[in-house]
Amino acid sequence: MSLFTKMFGGKNKETVTPQQAIQNLSEVQEMLMKKSAFLEKKIEGELATAKKNGTKNKRVALQALKRKKRFEKQLANIDGTLSTIEFQREALENASTNTEVLRVMGFAAKAMKSAHKDMDVDKVHDVMDEIAEQQDVANEISEAISNPVGFGEDVDEDDLLAELEDLEQEQLDEQLLDVGPIGEGLVDLPSVPTAEPKATRKVAVADDDDDMKELAAWAS
């Protein structure tokens, strides 16, 4: 099988998968590498022959060098072909990877479509609105339960404070009315003395006598 047939399948137009193409390229690459190693050995042999004969047998030496040049050209062509095969194999490997990724993503898209088959966007919005509405109802119920109630009586705190002030004023009025006659219930206090202190009376009498004496002296 020729290299061209190995790589491209000759006249066979059957579809080749990327994996098969990669396998074929790998086989051809391995074959070319073996041929490249063979040519390198041939080049070394021809070079040795040329050195061995040298000027002693120029015809043999020149023929060896000619074969060496031909082998080197073949080797250069093989090296170029190997580079092309390596580049093409990498491209196929990337394409194969992309194909597999795309295939898996296609399966995932189909699975997602199947999962959403029975779903309607409008219905989903309706359900979410209903959930939000019921949540509001639950919050109102919770708030109503948590607030203290007076058995249905709505009592204003300002009214209670006004009533408390009225009660305090009423109690103060009652205390004022309950006070008895003056002196009743008071603690006994010592009586106020009515007689003047003796010392004070003597001083006052002495002052009166002096005034009378002065008046009599003025009149005479």
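About the criteria used
- Residues numbered from 1 in each chain as written.
- Predicted model: local features only at pLDDT ≥ 70, side-chain atom pairs only at ≥ 80, totals over all residues.
- Heavy atoms only, no water.
- Helix = DSSP H or I, 4+ residues; strand = E, 2+ residues; numbered from the N terminus.
- Buried < 20%, exposed > 50% of the residue type's maximum accessible area, 1.4 Å probe, protein only.
- Areas by Shrake-Rupley, 256 points an atom, 1.4 Å probe, with all protein chains shown as cover.
- Expected span 1.5 Å × (residues − 1).
- Polar contact = N/O pair within 3.5 Å; in protein donor to acceptor, adjacent residues only side chain to side chain.
- Phe/Tyr/Trp six-rings, centres within 6.5 Å; stacked < 30°, edge-to-face > 60°.
- Lys NZ or Arg CZ within 6 Å of the ring centre and 35° of its normal.
- Patch = residues over 30% accessible without salt bridge, like charges linked within 9 Å, V, L, I, M, F, W, Y side chains within 5 Å.
- Salt bridge = Lys/Arg side-chain N within 4 Å of Asp/Glu carboxyl O.
- Core = buried A, V, L, I, M, F, W, Y, C linked by side-chain atoms within 4.5 Å.
- Contact = heavy atoms within 4.5 Å.

Undergrad: Talk me through the overall build of the protein chain; I want residue IDs and the actual numbers.
TA: When you go through the protein chain residue by residue, the secondary structure sums to 6 helices and 0 strands. Starting at the N terminus and ending at the C terminus, the protein chain contains elements arranged as α-α-α-α-α-α. Per-residue burial over the protein chain gives 10% buried out of 220 residues. For the protein chain, the computed accessible surface area is about 19,500 Å², with 58% contributed by carbon and sulfur atoms.

Undergrad: Lay out helix 2 (residues 18-53) with the relevant residues and their values.
TA: Over its 36 residues, helix 2 extends 52 Å from the first C-alpha to the last, a length consistent with the 52 Å expected when each residue adds 1.5 Å. Here helix 2 has its buried residues at Ala21, Ile22, Leu25, Val28, Gln29, Leu32, Ser36, Leu39, Ile43, Glu46, Ala50 and Asn53. Once helix 2 finishes, Gly54 follows within two positions and takes phi at roughly 55 degrees, a positive value.

Undergrad: Kindly report on helix 4 (residues 121-146), identifying the contributing residues and their values.
TA: The end-to-end C-alpha separation of helix 4 is 37 Å, in line with the 38 Å expected for 26 residues at 1.5 Å each. The distance from a side-chain oxygen at the start of helix 4 to the backbone nitrogen of Asp122 is 3.0 Å, and the residue carrying that oxygen is Asp120.

Undergrad: Break down the packing of aromatic side chains for me, with residues and values.
TA: This structure, assessed with the given rule, holds 0 aromatic pairs. Seen from the ring of Phe71, Arg70 lies directly overhead, with NZ or CZ sitting 5.6 Å from the centre.

Undergrad: Which residues make up a nonpolar patch on the surface, and what values go with them?
TA: A grouping of Met119, Val124, Val127, Met128 and Ile131 is seen on the molecular surface, where their side chains present a nonpolar patch of about 480 Å² in accessible area. Within the secondary structure, Met128 sits in helix 4.

Undergrad: How would you sum up the nonpolar core? Please name residues and give values.
TA: Of all hydrophobic cores here, the largest spans 13 residues; its most connected members are Leu32, Leu39, Ile78, Ile85 and Leu92. For this core, the secondary-structure elements that each account for two or more residues are helix 2 and helix 3 (58-115). Broken down by element, this core gets its largest block of residues, 7 residues, from helix 2. Contacts of Leu92, omitting those with residues within four sequence positions, involve Pro18, Ala21, Ile22 and Leu25.

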